[in-house]
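Per-entry structural report
One letter stands for each residue in the lines below.
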Amino acid sequence: MFTIGSWSIQQPTILAPMAGVTDEPFRRLCSELGAGMTVSEMVTSDERLWSSRKSQQRLSSLTSIKDRANRKDIRSVQLAGNDPEMMAAAAKTNAKMGADVIDINMGCPAKKVCKKAAGSALLKDEKLVSEILNAVVGAVDIPVTLKIRTGWSPELRNGVTIAQIAEDSGIQALAVHGRTRACAFKGHAEYDTIAEIVQQISIPVFANGDIYSAEKAKMVLQHTDAAAVMIGRAAQGNPWIFREINHYLATGQHLKKPSAEEVCLTLSQHIKELHYFYGELMGLRIARKHVGWYLKQHSHNAEQHVLATHYDDFRHRFNRIEDSQEQLNAITEFFNQQLLITEKLTGEIAA
Ligand SMILES: Cc1cc2nc3c(=O)[nH]c(=O)nc-3n(C[C@H](O)[C@H](O)[C@H](O)COP(=O)(O)O)c2cc1C
């Protein structure tokens, strides 16, 4: 479909980097369900901080799977920082550890990052942007990509200038979230600036922000002419969104929603992998978060009051479970009960 350096991206749907969400198990799942590429949670470029448990977990996914031939996913590691030399050194180390692509974070408004003038706060300093991009691109042989917002603020919407700096520095793809840094997550994403950026540069652009359905993905692609859409929050608890969008873009037809059996199987497998990846104690906690998102997504489909109440009751019960096998048993039991309730409701309606 399009290329980033020597990588060929088969589908126009990318999983956005999300701290606390896009860990190795979730990225693998999204790749299996059709994401053309996935991006890691941001990792600080300050290697002195890499011994923290959080950084170790984010980086361990690189060293845990070295067998490139058996992997279909492209391993993009996102770096956050503001010092060109440090960013270059961190990129080098990650490339050695097995990263396929380095992504630079200039799109995240998180306070912790912004206080150090990193992430989207860098967008105001175009000279520093250029220095960082040149240093990182010059340090590694693998492709370097960049994620930005449409600008610093609605008054200083300098996304087009930053995009040109990126292309001139050798950046090989650019993700653009259709809000400025000042907008945080308020209001709606706008796609006009993304369309303008696509017009001005020739590297692939990913349009990002508020894409929650296949129709919206198609609309945004048509409006911007971007190479792909990048999906963040809509994938939480709904990794099927990638195959749904891919199918809709290819055929114009909607794919059927996953059955309760498929959701149960996928969720159980996902939870097992979280237990394995994080260990029992932390795995249990991370699993609760993901299960909450799955239930939120799927309770939207459960219009019947009795089913919605069933979801609510279950979430409260699940959050108190302190054993990994019990978590898995509870999931299976929940879906069995859901099937029984659905059958009963269908029977009542038919009668
Ligand atoms: C929980 C959460 C964590 C995020 N972490 C990152 C991050 O680590 N790096 C980054 O560039 N953007 C981060 N973002 C921003 C997303 O990548 C994305 O740009 C934003 O959510 C808009 O896309 P969406 O409307 O599809 O969610 C994060 C967003 C959320 C909701």
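A closer look at the overall build of the chain
When you go through the chain residue by residue, the secondary structure sums to 13 helices and 10 strands. Against the globule reference of 20 Å for 351 residues, the chain gives a C-alpha radius of gyration of 21 Å, in line with a compact fold. Overall, the C-alpha framework of the chain stretches about 70 × 45 × 40 Å when taken along its three principal axes. Scored against the burial criterion, the 351 residues of the chain give a buried share of 54%. Considering only residue pairs separated by 6 or more positions, the chain has 68% of its internal contacts joining residues 24 or more positions apart. In the form shown here, the chain has an accessible surface area of approximately 16200 Å², with 52% of it arising from carbon and sulfur atoms. Charge-centre separation for the chain: the mean point of 40 positive side chains lies 4 Å from the mean point of 39 negative side chains.

Overview of the site of the ligand
Surveying the vicinity of the ligand reveals 17 residues, the closest of which are Pro17, Gln78, Asn208, Asp210 and Arg233. At a separation of 2.7 Å, an oxygen atom of the ligand approaches a polar backbone atom of Pro17. Residue Arg233 places a side-chain N or O atom 2.7 Å away from an oxygen atom belonging to the ligand. About the coverage of the ligand: the protein hides 89% of its 610 Å² of free accessible area.

So, the pattern of salt bridges
Within this structure, the stated rule accounts for 13 salt bridges. The partner of Glu273 in a salt bridge is Arg28, and the shortest N-O contact between them spans 3.0 Å. Here Glu273 is found in helix α10 (residues 260–278), whereas its partner Arg28 is found in helix α1 (residues 24–32), with 245 residues between them in sequence. Judged by relative accessible area, which is 27%, Arg28 ranks as partly exposed. As a salt-bridge pair, Lys257 and Glu244 come within 3.2 Å of each other at their nearest N and O atoms. In this pair, Lys257 sits in the loop between α9 (241–251) and α10 while Glu244 sits in helix α9, placing the two residues 13 residues apart along the sequence. According to the relative accessible area criterion, Lys257 is exposed, its value standing at 52%. On the basis of relative accessibility, which here comes to 11%, the residue Glu244 falls in the buried class. Connected via shared salt-bridge partners are Glu24, Arg27, Arg28, Arg75 and Glu273.

Brief notes about the side chain of Gln236
Take Gln236: it is sitting in the loop between β10 (228–231) and α9. A polar contact is formed between the side chain of Gln236 and the side chain of Trp293, at a distance of 3.4 Å. Each residue touching Gln236, except ones within four places of it in the same chain, is listed here: Met18, Val21, Phe26, Trp293 and Gln297.

Brief notes about the domain arrangement of the chain
Examined at the domain level, the chain breaks down into domain 1 (2–251) and domain 2 (260–350). Taken together, the contact pairs 20 residues of domain 1 with 16 residues of domain 2. Contact between domain 1 and domain 2 buries roughly 1500 Å² in total, counting both sides, with carbon and sulfur atoms accounting for 57%. Of all residues in domain 1, Pro25, Gln57 and Trp240 bury the most surface against domain 2, accounting for 34% of the area lost on that side. Along the contact surface separating domain 1 from domain 2 lie seven residue pairs in polar contact (both at pLDDT 80 or more). Elements represented by at least two residues in the side of domain 1 that touches domain 2 include exactly α1 and α2 (53–64).

Remarks on the pairing of strand β7 (residues 144–149)
Among the six residues of β7, six are classified as buried, and the element is accordingly described as predominantly covered. Alternating residues of β7 divide into Val144, Leu146 and Ile148 and Thr145, Lys147 and Arg149, and every residue in both groups is buried. Of the pairings in the sheet, the one linking β7 to strand β8 (residues 174–177) comprises four bridges and is parallel in character. By the bridge assignment for β8, Ile148 is matched with Val176. As for the winding sense of the linkage, the β-α-β connection from β7 through helix α6 (residues 159–169) to β8 is right-handed.

Describing the sheet that holds strand β6 (residues 101–106)
Taken together, eight strands build a closed barrel; the order of strands is β3-β4-β5-β6-β7-β8-β9-β10 and the barrel is parallel. Ignoring strand direction, the axes of neighbouring strands in this sheet form an average angle of 25°. In the packing of α1 onto the sheet, the strands contacted are β3 (13–15), β4 (37–44) and β5 (75–80), and the crossing angle to β4 comes to about 165°. Together, β3 and β10 form the strand contacts of α9, whose direction differs from that of β3 by roughly 165°.

Topic: the side chain of Ser153
Considering the arrangement of structural elements, one finds Ser153 in the loop between β7 and α6. Among the residues examined, Ser153 registers a relative accessible area of 8% and is labelled buried. With sequence-adjacent residues up to four places away left out, Ser153 is seen in contact with Thr180 and Ala182.

What counts and what doesn't
Residues numbered from 1 in each chain as written. Predicted model: local features only at pLDDT ≥ 70, side-chain atom pairs only at ≥ 80, totals over all residues. Heavy atoms only, no water. Helix = DSSP H or I, 4+ residues; strand = E, 2+ residues; numbered from the N terminus. Rg over C-alpha atoms; globule rule 2.2 N^0.38 Å. Buried < 20%, exposed > 50% of the residue type's maximum accessible area, 1.4 Å probe, protein only. Contact = heavy atoms within 4.5 Å. Areas by Shrake-Rupley, 256 points an atom, 1.4 Å probe, with all protein chains shown as cover. Lys, Arg positive; Asp, Glu negative; His and termini not counted. Charge placed at Lys NZ, Arg CZ, Asp CG, Glu CD. Near = heavy atom within 4 Å. Polar contact = N/O pair within 3.5 Å; in protein donor to acceptor, adjacent residues only side chain to side chain. Salt bridge = Lys/Arg side-chain N within 4 Å of Asp/Glu carboxyl O. Domains from an automatic or database assignment. Buried area = accessible area lost by both parts, 1.4 Å probe. Pairing = 2+ DSSP bridges. Right-handed = clockwise from strand over helix to strand, strands pointing away. Axes fitted to C-alpha atoms, helices over the stretch in contact; angles between N-to-C directions.

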